[in-house]
Amino acid sequence: LSIETLRYYERIGLIPPVHRDQNGYRDYTKQDLRWVYYAKALRKAEIPVETLIEYVKLFQEGEHTREARKQLLIEEEKKLVIKIQQMQEALDYLRTKINNYDGYIKNYEECLKGEEE
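Quick caveat: nothing in here was measured; it's all calculated off a predicted structure.

**Here's the deal with the environment of E109**
- Along the chain, E109 turns up in helix α4 (residues 66-116).
- Considering only alpha carbons, one finds E109 and T5, 104 residues apart in sequence, at a separation of 52 Å.

**Considerations on the pattern of salt bridges**
- For the structure on display, the rule yields 8 salt bridges.
- A salt bridge links K57 to E61, with the nearest nitrogen and oxygen atoms 3.8 Å apart. Pair noted here: K57 and E61 are both in helix α3 (residues 49-61), with a separation of 4 residues, about one helical turn.
- Judged by relative accessible area, K57 falls into the partly exposed class, the value being 42%.
- For E61, a relative accessible area of 40% gives the class partly exposed.
- We note a salt bridge from E75 to K78, for which the minimum N-O separation is 3.5 Å. Of this pair, E75 and K78 are both found in helix α4, 3 residues apart, which corresponds to roughly one turn of the helix.
- Residue E75 is classed as partly exposed on the basis of its relative accessible area, which comes to 38%.

**Notes on the nonpolar core**
- Counting residues in each nonpolar core, the largest one holds 13 residues, and the members touching the most others are Y9, L14, I15, W35, Y38, A39 and L52.
- Of all the secondary-structure elements, those providing two or more residues to this core are α1 (3-12), α2 (30-44) and α3.
- The element that contributes the greatest number of residues to this core is α2, accounting for 4 residues.
- Those residues in contact with W35 that lie beyond four places of it in its chain are I15, P16, Y55, V56 and F59.

**Observations concerning the side chain of E10**
- Tracing the chain through its elements places E10 in helix α1.
- Side-chain polar atoms of E10 contact the backbone nitrogen of V18, separated by 2.9 Å.

**Some thoughts on the packing of aromatic side chains**
- Inspection of every chain in the model, using the stated rule, returns 5 aromatic pairs.
- Aromatic pair Y8 and Y9: ring centres 6.4 Å apart, planes at 50°, arrangement tilted.
- On the basis of relative accessibility, which here comes to 38%, the residue Y8 falls in the partly exposed class.
- Ring geometry for W35 versus Y38: centroids 5.4 Å apart, planes at 90°, classification edge-to-face.

Analysis parameters
- Residues numbered from 1 in each chain as written.
- Predicted model: local features only at pLDDT ≥ 70, side-chain atom pairs only at ≥ 80, totals over all residues.
- Heavy atoms only, no water.
- Helix = DSSP H or I, 4+ residues; strand = E, 2+ residues; numbered from the N terminus.
- Salt bridge = Lys/Arg side-chain N within 4 Å of Asp/Glu carboxyl O.
- Buried < 20%, exposed > 50% of the residue type's maximum accessible area, 1.4 Å probe, protein only.
- Core = buried A, V, L, I, M, F, W, Y, C linked by side-chain atoms within 4.5 Å.
- Contact = heavy atoms within 4.5 Å.
- Polar contact = N/O pair within 3.5 Å; in protein donor to acceptor, adjacent residues only side chain to side chain.
- Phe/Tyr/Trp six-rings, centres within 6.5 Å; stacked < 30°, edge-to-face > 60°.

So this is what it looks like as C-alpha cells:
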C-alpha cells in the first residue's frame, strides 16, 4: 500500500491509530501491520469500508463488543458466499460458451450459407 493509502485508512478509521515514535512519526508495530493486512484482505473481498470502520470502532470499545464484531463478520461472510456462488455460476456459463463456441460459429455459418442459396 502507498503511504497515502495507509494514512487514509488511519484517518477514516479503517485501521486503529498507528503507533508513533518519540518524534511523532508512524512506527508500525506488528499489531499495526496485522490491522493493515486485515483491512487489505477484507477490502479485496469487497467488504464495505463502512462495515470495516464499524468493526474497528467496536474493537476499540473493548471486549464487551466481541459478539457484535462476530455478527458483523458473519453477515459479511453470508454476503460473500452468495456473491461467490453467483460468480461461479457466471464462470460456469462462460466456460460452457467458450467450450461450445466453435460449434456455434460453424452452425451459424452453415445457416448463413443455406440462406444465400
